[in-house]
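Fold and contact review
Here are the chains, one letter per residue:
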Amino acid sequence: MSEAVQTMLQTNADAARETEREADPGFLWDFWYPAVRSTEITGRKLATAMLLEVPLVLGRTSDAKAFALRDSCPHRGMPLSYGRLDGQVVECCYHGWRFDACSGRCVEIPSLTSQDKLKVERIFAGHYPCAERDGYVWVYMNEPGTRLPETIPVAPALPVFSGKYKITHLACELPSHIDHGIIGLMDPAHGPFVHQSWFWRSRHSIHEKEKQFEPIPNGFRMSKHSPSTNSAPYQLLKKMTGEPVTTTIDFVLPNQRLEEIHSGKLWFSSRATVTPVRRDLCRIDFVAAWNVAFLPVPIFRMFGKTFLRQDQATMIRQAEGLKHNPQLMLIDDADRPAKWYFALKANLIESRRTGTPMVHPMAGPVTLRWRS
Ligand code: FES
Ligand SMILES: [Fe+2]
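Reference entry: report on the structure contained in this document. (Residues numbered from 1 in each chain as written. Chains lettered and ligands numbered in written order. Predicted model: local features only at pLDDT ≥ 70, side-chain atom pairs only at ≥ 80, totals over all residues. Heavy atoms only, no water.)

Regarding the side chain of Ser270
Structurally, the position occupied by Ser270 is in strand 17 (residues 266-278). Not counting residues up to four positions away in its chain, the partners in contact with Ser270 are Leu158, Arg257, Leu258, Glu259, Phe286, Val287 and Ala288. (Helix = DSSP H or I, 4+ residues; strand = E, 2+ residues; numbered from the N terminus. Contact = heavy atoms within 4.5 Å.)

Regarding the packing of aromatic side chains
What the rule picks out here adds up to 16 aromatic pairs. Note on Phe268 and Phe300: the rings are 5.6 Å apart at their centroids and 55 degrees apart in plane angle, and the pair reads as tilted. Residue Phe268 is found in strand 17, and its partner Phe300 is found in helix 5 (residues 297-322); the two are separated by 32 residues along the sequence. With relative accessibility at 11%, the residue Phe300 sits in the buried group. One residue, Arg37, lies across the ring of Tyr136, its end atom 6.0 Å from the ring centre. (Phe/Tyr/Trp six-rings, centres within 6.5 Å; stacked < 30°, edge-to-face > 60°. Buried < 20%, exposed > 50% of the residue type's maximum accessible area, 1.4 Å probe, protein only. Lys NZ or Arg CZ within 6 Å of the ring centre and 35° of its normal.)

Notes on the pairing of strand 13 (residues 208-216)
The pairing of strand 13 with strand 19 (residues 366-371) spans 6 bridges and is antiparallel. Along strand 19, the bridge assignment pairs Gln212 with Thr367. Pairing geometry for strand 13 and strand 14 (residues 219-225), over 4 bridges, is antiparallel. Across the sheet, the residue bridging to Glu214 is Arg221, located in strand 14. Between strand 13 and strand 14, which pair antiparallel in sequence order, lie 2 residues; one of them, Asn218, sits at a positive phi of approximately 60 degrees. (Pairing = 2+ DSSP bridges.)

Points about the packing of helix 2 (residues 178-186) against helix 6 (residues 336-354)
How two helices sit against one another is set out by the angle between their axes and by the gap between those axes. Running from N to C, helix 2 and helix 6 cross one another at 140 degrees; their axes reach a closest spacing of 9 Å. Taken as axis vectors, helix 2 and helix 6 run oblique relative to one another. Here helix 2 and helix 6 pass one another in a crossing that is right-handed. Side by side, helix 2 and helix 6 meet where Ile178, Asp179, Ile182, Ile183 and Met186 of the first sit next to Pro337, Ala338, Tyr341, Phe342 and Lys345 of the second. (Axes fitted to C-alpha atoms, helices over the stretch in contact; angles between N-to-C directions. Parallel < 35°, antiparallel > 145°, perpendicular 65-115°, else oblique. Left-handed = near helix turned anticlockwise from the far one by under 90°.)

Examining unusual backbone geometry
Leave glycine aside and you will find that most residues have negative phi; peptide bonds, for their part, are mostly trans. Look at the link from Leu253 to Pro254: it is a cis peptide, with omega at 5 degrees. Take Pro254: it is sitting in the loop between strand 15 (246-252) and strand 16 (256-263). In this model, Asp332 is joined to Asp333 through a cis peptide bond whose omega is -10 degrees. With respect to the helices, strands and loops of the structure, Asp333 is situated in the loop between helix 5 and helix 6. Phi is positive for Asp30, which is not a glycine, with a value near 60 degrees. Following the sequence through the fold, Asp30 ends up in the loop between helix 1 (3-22) and strand 1 (31-37). Phi angles above zero are rare outside glycine, and Asp134 is one such case at about 50 degrees.

Spelled out as structure tokens, the structure:
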């Protein structure tokens, strides 16, 4: 191997190690994360995103396949997003090195002469598996410095229950570490204080609740139940179908909260993911689908945005407090889901480290009681 290549590879290896050393130990690698909406990569446009502190450039090849590369040219680190996409190839804006968009393989270095022996095809830009589902481009984030596994699980899809349905997407950023973002999402006790709205509930509607939970692979489920009667939308649904309303809520690692509501033939399905962008920033991507005729998309979006803004405003304030590294506590039973989350995460990391099966923190069904 020529000295030039060696130096280059060395620098890349150092860069990979650097990332590895610096990566937040709280990040869960080897999972799919939503990077951008599908509509952000049209034509020859290149979009950027950051997932788990890895800068990405995303686009779509001329045959409509979404791709994600590390937004850094392996030559001298120029963000590839400043370059241009030409069908199948991304060209760096600095010295014009060209990379196959899907594999990251270098296909041309314009400065080379016929005398040069450099094996261009051995040079790669970092590249990540991509899949499109429910209007998102998902990226499989394997840990820096590791190889992709032989088989990659399929990217998550929102469960839907009929051929025709309405679907809508919302997003908001939280200035928080992923763990605070996630436990904020599953926290049942903030509702009466944060989500007071005339259309939903008032602070005075607080009452005792008892919910059954059960373990599921990589997560836990609030077992199928009839949702609380203090919420007008549920009452309306019940009136429409004359059948009971049931809800199931799942949390699944690394970051998904899935909710299904059914009443007769009517259904509503939603998923919120909290994705780490950086260690101090995460993003909620919320997608909902339903076949309930009385719920028009604009009305739902108005309610949904209100909810998300309430959570966002709360977490902006909480971030002020967390800057000073306070001691925190998790109490029973309202914070038990948060405890399960931390245990699931720790047990998953441990099982990956030791190569042994993951121990689930719940031995079986559990009943939790709290007031909200
Ligand atoms: S930095 Fe990209 S080609 Fe030189
Ligand atoms: Fe909330």
